[in-house]
Amino acid sequence: MEPERQHATGDSATAREPSFPDAGSAPSDPRELDCLYLEADRIYYGFARRCGLSNCAYWMMYDIERADGPIALADLTSSWAYSKQTINSAIKSLEARGLIELSYAEGSRRNKTAAFTAAGRSFAERYIVPAQDAERRAFCSLAPADRAAILRVARAYTRALSAELERMEALPEEDGPTAGPGSPVSAHIDPGR
């Protein structure tokens, strides 16, 4: 196991903090960014578990809270990189626990929405809203220019990464890996993320 991956699992005995270059040099290894994303994922994963939720269920509750009312299940499934099966399992578990209720969207017999039950609203007030407030405080603790730079750079990086992966996928099979089932590329894509 690579040291960075050990860090993401929280094994502090063998974890290695990412080494960041000094301010005068520009990093060229995106694994440093991966480590930061994995650390953020680890923080949220731990918080979700302390709330008694799976990671996916936590994010479903988060989105329902942000919607401030019923939200279409199609919106929940399209805003996350989780598989539909993972999201459906999370939704079913939240419904079984009495935290959300599903109903058909007005005028539809196919499209469903999710909304908090009274117990779900109470749960959200205890766990989800304070976590959203903590996120806001953490983000706003940064200088305004730093907040703007983070968002600008993250968007640019995401666009560049997407373009590079699309370019790679467009290569003929003999020129490079494709993202088909069982390919080296698809083996590294985590659909549950």
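Owing to the predicted nature of the structure, the values given are computational and were not obtained by experimental measurement. (Residues numbered from 1 in each chain as written. Predicted model: local features only at pLDDT ≥ 70, side-chain atom pairs only at ≥ 80, totals over all residues. Heavy atoms only, no water.)

### Description of the pattern of salt bridges
So the rule is basically this: Every case where a carboxyl oxygen of Asp or Glu lies within 4 Å of a side-chain nitrogen of Lys or Arg is listed as a salt bridge. Secondary structure is summarised from DSSP: a helix means a run of H or I of at least four residues, a strand means a run of E of at least two, and numbering begins at the N terminus for each. Exposure categories follow from relative accessible area, calculated using a 1.4 Å probe and restricted to protein chains: below 20% of the type maximum is buried, above 50% is exposed, and the middle band is partly exposed.
For the structure shown, the criterion picks out six salt bridges. A salt bridge links Glu125 to Arg121; the shortest N-O distance between them is 3.1 Å. A residue pair is termed a helical-turn pair when its members lie 3 or 4 positions apart in one helix, as Glu125 and Arg121 do in helix α6 (residues 118–140) at four residues. With a shortest N-O distance of 3.3 Å, Glu164 and Arg167 are connected by a salt bridge. With Glu164 and Arg167 both in helix α7 (residues 144–170) and three residues apart, the pair spans about one turn of that helix. A residue is classified by how much of its surface remains accessible, and Glu164, at 43% relative accessible area, is partly exposed.

### Things to note about the packing of helix α2 (residues 31–50) against helix α3 (residues 55–67)
Quick reminder of the rule: Axes here mean lines fitted to C-alpha atoms, for a helix over just the part in contact, with angles spanning 0 to 180 degrees between N-to-C directions. Angular relationships are summarised with four words: roughly parallel below 35 degrees, roughly antiparallel beyond 145, roughly perpendicular across 65 to 115, and oblique for the angles in between. Only heavy atoms enter the contact rule, under which two residues are in contact if any of them lie within 4.5 Å. Only Asp, Glu, Lys and Arg are considered charged, only Ala, Val, Leu, Ile, Met, Phe, Trp, Tyr, Cys and Pro nonpolar, and every remaining residue, Gly among them, polar.
Where α2 meets α3, the axes come as close as 8 Å, and the angle between the chain directions of the two elements is 85°. Taken together, the axis directions place α2 and α3 in an arrangement best described as roughly perpendicular. Residues Tyr44, Tyr45, Phe47 and Ala48 of α2 lie in contact with α3, whose contacting residues are Asn55, Tyr58 and Trp59. Looking at side-chain class alone, the contact of α2 with α3 contains six nonpolar, one polar and no charged residues.

### Some words on α2
Turn by turn, an α-helix covers 3.6 residues, leaving residues three or four places apart pointing in a common direction. Rule in force here: Take the residue count of a helix, subtract one, and multiply by 1.5 Å to get its expected span.
Between its first and last C-alpha, α2 extends 28 Å over 20 residues, near the 28 Å set by a 1.5 Å rise per residue. Of all the residues in α2, the buried ones are Glu32, Cys35, Leu38, Gly46 and Ala48. Immediately downstream of α2, the backbone of Gly52 shows phi near 85°, a positive value.

### Some thoughts on the packing of α3 against helix α5 (residues 84–96)
At a closest axis distance of 9 Å, the pairing of α3 and α5 adopts a crossing angle of 75°. It follows from the interaxial angle that α3 and α5 lie roughly perpendicular. Residues Cys56, Ala57, Met60 and Met61 of α3 form the contact with α5, whose own contacting residues are Thr86, Ile87, Ala90, Ile91, Ser93 and Leu94.

### Side note on the sheet that holds strand β2 (residues 100–104)
Counted only if it meets this: In this description, strands pair whenever DSSP reports at least two bridges between them.
Here we have three strands laid out as an open sheet, ordered β1-β3-β2, and antiparallel in their pairing. Unpaired on one side and paired on the other, β1 (71–72) and β2 mark the two borders of the sheet. In terms of strand pairing, β2 meets strand β3 (residues 112–116) through five bridges, oriented antiparallel. Each residue of the ladder has a partner; that of Ile100, found in β3, is Phe116.

### Remarks on the confidence of the model for the protein chain
Rule in force here: The predictor reports its confidence for every residue as pLDDT, a score running from 0 up to 100.
In the predicted model, the protein chain carries a mean pLDDT of 81, and 77% of its residues have values of at least 70. Segment residues 1–16: pLDDT under 50, and 17 contacts once partners within four positions in sequence are set aside and those in other chains are kept. Under a pLDDT of 50 for its full length, residues 184–193 has, in the predicted model, 18 contacts with residues more than four places off or in other chains.

### Describing the packing of aromatic side chains
Inclusion rule: Any pair of Phe, Tyr and Trp rings, taking the six-membered ring for Trp, is counted once the centres come within 6.5 Å. Such a pair is stacked with planes under 30 degrees apart, edge-to-face with planes over 60 apart, and tilted for the rest.
One pass over the structure, following the stated rule, counts nine aromatic pairs. Between Tyr58 and Tyr62, the ring centres sit 6.1 Å apart and the planes meet at 50°, which makes this aromatic pair tilted. A residue pair is termed a helical-turn pair when its members lie 3 or 4 positions apart in one helix, as Tyr58 and Tyr62 do in helix α3 at four residues. The buried category is assigned to Tyr62, whose relative accessible area is 10%. Geometrically, the ring pair formed by Phe123 and Tyr127 is tilted, given 4.7 Å between the ring centres and 45° between the ring planes. Taken together, the residues span about one helical turn, with Phe123 and Tyr127 both in helix α6 at a distance of four residues. Taken together, the ring pairs connect Tyr44, Phe47, Tyr58, Trp59, Tyr62, Trp80 and Tyr82 into an aromatic cluster.

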